[in-house]
Amino acid sequence: MIKACLIFNNHGKPRLTKFFTYFPEEEQQQIIRETFLLLSKREDSVCNFLEGGKLIGGSDFRLVYRHYATLYFVFCVDSSESELGILDLIQVFVETLDRCFENVCELDLIFHMDKVHYILQEIVMGGMVVETNQTEILTHIEAQQRIEKQEAGTCMAGTIMTYLCQV
């Protein structure tokens with residue numbers, strides 16, 4: 001089971017934190033700090049799996065991560081998850097973000113946090129992997145965008161009618 005998904009930059013600033021298991025906020029902050037300290041010391045040529053230790057529930061947990069440009073994508077998982085499967089999941093997540101934001105960067109994660117969370121929810125829900133087919137994920141995201149545009153148009157039309165009725 002996936003316990004958490006974390007994205008932070010090279011300076012340790014969290015850009016996305018999603019915990020699928022409850023941890024008090026102080027403990028979440030400690031997990032983020034310790035995770036960054038562990039990963040930032042590692043060279044890019046070493047393995048992308050790391051034992052979690054005391055970090056997030058004991059030795060049964062692992063950190064699976066990828067470092068892309070200025071961002072670390074980290075999944076905290078238990079022993080029932082395949083490390084290679086999670087690496088593939090990170091790749092699907094990043095490729096989906098790339099397709100949605102046309103070469104995703106840190107600013108996209110900052111200014112479009114709601115969309116990033118929605119994409120993650122299409123892939124992982126409640127700590128379980130739901131979808132890994134990028135085409136299916138993008139189809140759902142496009143459908144959501146159409147609904148948002150329709151609602152925005154309906155809301156705008158209602159606002160105009162209200163304004164005209166007042167005049």
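Residues numbered from 1 in each chain as written. Predicted model: local features only at pLDDT ≥ 70, side-chain atom pairs only at ≥ 80, totals over all residues. Heavy atoms only, no water.

Could you clarify how one ought to interpret the pairing of strand β5 (residues 71-78) in this entry?
The side chains of a regular strand alternate between both faces of the sheet. Counted residue by residue, β5 has eight buried out of eight residues, so it is predominantly covered. Of the two faces of β5, the one carrying L71, F73, F75 and V77 and the one carrying Y72, V74, C76 and D78 are both buried. Looking at chain direction, strand β1 (residues 2-9) and β5 are connected through seven bridges and run antiparallel. By the bridge assignment for β5, I2 is matched with V77. Direction of pairing for strand β4 (residues 61-68) relative to β5: antiparallel, over a ladder of eight bridges. Opposite R62, over in β5, you have V77 as the bridge partner. Following β4, the chain reverses through two residues before pairing antiparallel with β5; A69 in that reversal takes a positive phi of roughly 50°. (Buried < 20%, exposed > 50% of the residue type's maximum accessible area, 1.4 Å probe, protein only. Helix = DSSP H or I, 4+ residues; strand = E, 2+ residues; numbered from the N terminus. Pairing = 2+ DSSP bridges.)

Whenever I open this one, the packing of aromatic side chains confuses me. Can you help?
For any pair of aromatic rings, the description rests on two quantities: the centre-to-centre distance and the angle between the ring planes. Under the counting rule described, the total for this entry stands at six aromatic pairs. Ring centres 5.8 Å apart and planes at 70° place the aromatic pair F19 and F23 in the edge-to-face group. Residues F19 and F23 agree in their burial class; the two are buried. Each ring, one from F73 and one from F93, has its centre 6.1 Å from the other, and the planes form 85°; the classification is edge-to-face. Here F73 is found in strand β5, whereas its partner F93 is found in helix α2 (residues 83-101), with 20 residues between them in sequence. Taken together through their ring pairs, the aromatic side chains of F8, F36 and Y72 make up a single cluster. The lysine or arginine in question, K115, covers the ring of F101, its NZ or CZ lying 5.3 Å from the ring centre. (Phe/Tyr/Trp six-rings, centres within 6.5 Å; stacked < 30°, edge-to-face > 60°. Lys NZ or Arg CZ within 6 Å of the ring centre and 35° of its normal.)

What is the right way to read the pairing of strand β2 (residues 14-19) from this model?
Sheet topology note: the β1/β2 ladder contains five bridges and is antiparallel. Note that in β2 the partner of C5 across the bridge is K18. Here β1 folds back onto β2 in antiparallel fashion, the turn holding four residues, of which G12 has a positive phi close to 90°.

How should the packing of α2 against helix α4 (residues 113-123) be read in this particular structure?
When two helices pack together, their arrangement is captured by the angle between the axes and the distance separating the axes. It is the contact of α2 with α4, at a shortest axis distance of 11 Å, that shows an interaxial angle of 140°. What the angle tells us is that α2 and α4 run oblique. Our pair here, α2 against α4, has a crossing hand that is right-handed. Residues L89, F93, T96, L97, C100 and F101 of α2 touch α4, and the partners they reach there are K115, V116, I119, L120 and I123. Classifying every residue of the contact of α2 with α4 gives nine nonpolar, one polar and one charged. (Axes fitted to C-alpha atoms, helices over the stretch in contact; angles between N-to-C directions. Parallel < 35°, antiparallel > 145°, perpendicular 65-115°, else oblique. Left-handed = near helix turned anticlockwise from the far one by under 90°. Contact = heavy atoms within 4.5 Å. Nonpolar A, V, L, I, M, F, W, Y, C, P; charged D, E, K, R; others polar.)

Mind showing me how you'd approach the sheet that holds β1 here?
Pairing between the strands of a sheet is mediated by backbone hydrogen bonds and can be parallel or antiparallel. Taking strand neighbours across the sheet as the criterion, the five strands line up as β2-β1-β5-β4-β3 in an open arrangement whose pairing is antiparallel. In the strand order of this sheet, the two ends are held by β2 and β3 (49-51), each with one partner. Strand after strand, the sheet turns through a mean of 20° between neighbouring axes, direction not considered. Sheet analysis places β3 next to β4, joined by three bridges and oriented antiparallel. For E51, the partnering residue across the bridge sits in β4 and is R62.

The quantities given are spatial measurements derived from coordinates; they are silent on function.
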